[in-house]
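Coordinate inspection notes
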Amino acid sequence: MEDLLNLPKVSFVVMTHNFTDFVKDCLESIKNQTYKNIEIIVVDDCSKDDTVSRINEFHTQNPDLNFKFIQNETNKGQLASFLNGLKCATGQFVCAIDGDDILFPEYCAMHIETHMKTSVALTTCRQAEIDENNVIHTLSSIDSPHKKQDIFQIDNKSFKEFQNYRHAKGFDKEGSSVKVLDNDKYSFATWHWGPTTSAMMRKSVCDMLLQLDKTRSLRITADKFIFSFCHLIGSSAVIYKVLYAYRRHGSNYSLANPVMGNKKYLKERTQNNYFRNNKKIRLQMFKFISENKDYFREKINKTNLILLYKKIIFSFDLRFFKGLVKSLFI
């Protein structure tokens, strides 16, 4: 029976823009996944540095990889870049990867296993934080989804042993817990996940986003729209394990304290945009689905279409908004 079954393919859509110093490390980390049924689709959004040269160099050095390269004719933003890559994706699952992040080898395998056991539309994971020079600032980022103050003991180990960070005690030897976030309980238009690179999505759900023909208003924080849509359609799940390293550097849109990633240190314009995005995402999502209501009615039937409208309009999480307001006064 096992010989009759095939493992699903994962499409990594890597989005780059002026990532000369980081993109090869990102691509190498995808190549080194323990889960091998993958393809890599790189979408460059009009980089003005040597990013394209680094991408071509990687491709030349790895001719056997299932690899595609797309260059946008004009700078279109993150969401449009992801959708361009999605059109070329052939996997059953897809990841939107920021070209400056680094995946740990077990990233893909653990996401796939979680999808197989939960049937959600979106899985997300915790993150480590690194800087421009690949120096680790924390293995347990405060910006990770559902971060709690873990209780643990520290063994008296040598620093040399710690340097091999993936083999630190419990980091990649122990299993991880998973929490399913049902969209009836975890509200639409709030944030339950990690940044863009943290997630793996079912391509069948993401393909519905190809009906979106206007992306300019979503150039920034595209992950908010994509993740919220996936969660709205099929719920999501959090993997309580660090599976990738988020890079904080001078070009991050949401640059916070580089050591902790604490949201209360966000730049003022970023905080203002978060407020704006949380107010407008309901309208944007409602408009998107309404403009394509015949398509969605055919895909999910009329009853479920009405339920989508209700969740978009009426679901609220007061704790989330209290947290945003509180962050302005700390």
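Below is a summary of the structure that appears in this document.

The rules behind these values
- Per chain, residue numbering runs from 1 following the sequence as it is written.
- Reporting in this predicted model follows two pLDDT cut-offs: at least 70 for local features of residues, and 80 or more for side-chain atom pairs to be given and counted; totals over whole chains, interfaces and linings ignore these cut-offs and use all residues.
- Calculated side-chain values reflect all of the structure's heavy atoms, with hydrogen atoms and water omitted.
- Numbered from the N terminus, helices here are DSSP runs of H or I no shorter than four residues, and strands are runs of E no shorter than two.
- A 1.4 Å probe rolled over the protein chains alone gives each residue an accessible area, and that area as a share of the maximum for its type sets the label: buried under 20%, exposed over 50%, partly exposed in between.
- To measure how exposed things are, a 1.4 Å probe is used in the Shrake-Rupley method; for residues, cover is taken only from the protein chains shown.
- Under this scheme, a helix contributes an axis fitted over its contacting stretch, all axes are lines through C-alpha atoms, and angles between N-to-C directions fall in the 0 to 180 degree range.
- Just so you know how the angles are binned, under 35 degrees is roughly parallel, over 145 roughly antiparallel, 65 to 115 roughly perpendicular, and the rest oblique.
- Left-handed is the label given to a crossing in which the near helix is rotated counterclockwise from the far helix by less than a right angle, and right-handed is the label when the rotation is clockwise.
- Pairs of residues are marked as contacts when any of their non-hydrogen atoms sit within 4.5 Å.
- For this analysis, a salt bridge means a side-chain nitrogen from Lys or Arg found within 4 Å of a carboxyl oxygen belonging to Asp or Glu.
- Criterion for a disulfide: a pair of cysteine sulfur atoms within 2.5 Å.
- Whenever a nitrogen or oxygen atom comes within 3.5 Å of another N or O atom, the pair is scored as a polar contact, on the condition that within protein one atom can donate a hydrogen and the other can accept it, and that pairs from neighbouring residues in sequence are kept only if both atoms are in side chains.
- For this classification, Asp, Glu, Lys and Arg are treated as charged, while Ala, Val, Leu, Ile, Met, Phe, Trp, Tyr, Cys and Pro are nonpolar and the rest, including Gly, are polar.

**A few points about the overall build of the chain**
Across its full length, the chain carries 11 helices and 10 strands. The buried share among the 330 residues of the chain stands at 52%. Here the chain displays about 16800 Å² of accessible surface, and carbon together with sulfur accounts for 52% of that area.

**Describing the packing of helix α9 (residues 293-300) against helix α10 (residues 302-314)**
In a pair of packed helices, the angle between the axes and the distance between the axes together describe the arrangement. Axis separation between α9 and α10 bottoms out at 7 Å; the angle between their running directions is 120 degrees. By the criterion of interaxial angle, the relationship of α9 to α10 is oblique. At the point where α9 passes α10, the crossing takes the right-handed sense. The residues of α10 that touch α9, namely those facing K293, F296, R297 and I300, are K302, N304, L305, L308 and Y309.

**Comments concerning the pattern of salt bridges**
Any two side chains of opposite charge can pair, given that their charged atoms come close. All told, the structure shown has eight salt bridges when counted by the stated rule. Across the salt bridge formed by K31 and E28, the nearest N and O atoms sit 3.0 Å from each other. A residue pair is termed a helical-turn pair when its members lie 3 or 4 positions apart in one helix, as K31 and E28 do in helix α1 (residues 23-31) at three residues. For K31, a relative accessible area of 24% translates into the label partly exposed.

**What to know about the state of the cysteines**
Applying the stated rule across the entire model yields zero disulfides. Counting only cysteine sulfurs, C230 is the nearest neighbor of C206, a cysteine outside any disulfide, at a range of 4.1 Å.

**A look at the side chain of S236**
Along the chain, S236 falls in strand β10 (residues 236-247). A polar side-chain atom of S236 sits 2.9 Å from a polar atom in the side chain of H231.

**Some remarks on the environment of M15**
Mapped onto the secondary structure, M15 falls in strand β1 (residues 10-16). Along the sequence, M15 and F82 sit 67 residues apart, while their C-alpha atoms lie 6.9 Å from each other. Excluding residues within four positions of it along the chain, M15 makes contact with V43, Q78, S81, F82, A96, I97, D98, G99 and T196.

**Side note on the packing of α1 against helix α2 (residues 51-61)**
At a minimum axis distance of 9 Å, the contact between α1 and α2 shows a crossing angle of 30 degrees. Taken as axis vectors, α1 and α2 run roughly parallel relative to one another. Here α1 runs over α2; the crossing is right-handed. On α2, the residues touching V23, K24, L27, E28 and K31 of α1 are T51, R54, I55, E57, F58 and Q61. A class-by-class count of the residues in the contact of α1 with α2 yields four nonpolar, two polar and five charged.

**Here's the deal with the environment of L209**
When you line up the elements, L209 lands in the loop between α6 (203-206) and α7 (222-234). Judged by its relative accessible area of 1%, L209 is buried. Spatially, the C-alpha atoms of L209 and F229 are 8.4 Å apart, while their sequence positions differ by 20 residues. If sequence neighbours within four positions are ignored, L209 has contacts with L83, F225, I226, F229 and F288.

**Comments concerning helix α3 (residues 78-88)**
Among the 11 residues of α3, nine are classified as buried, and the element is accordingly described as predominantly covered. Regarding α3, the residues found buried are Q78, L79, A80, S81, F82, L83, N84, G85 and L86.

**Some details on unusual backbone geometry**
One non-glycine residue with positive phi stands out, namely C46, at about 65 degrees. Here C46 shows up in the loop between β2 (38-44) and α2. Of note, the phi angle at S235 is positive, near 65 degrees, even though the residue is not glycine. Relative to the helices and strands, S235 is located in the loop between α7 and β10. The class for S235 is buried, based on a relative accessible area of 8%.

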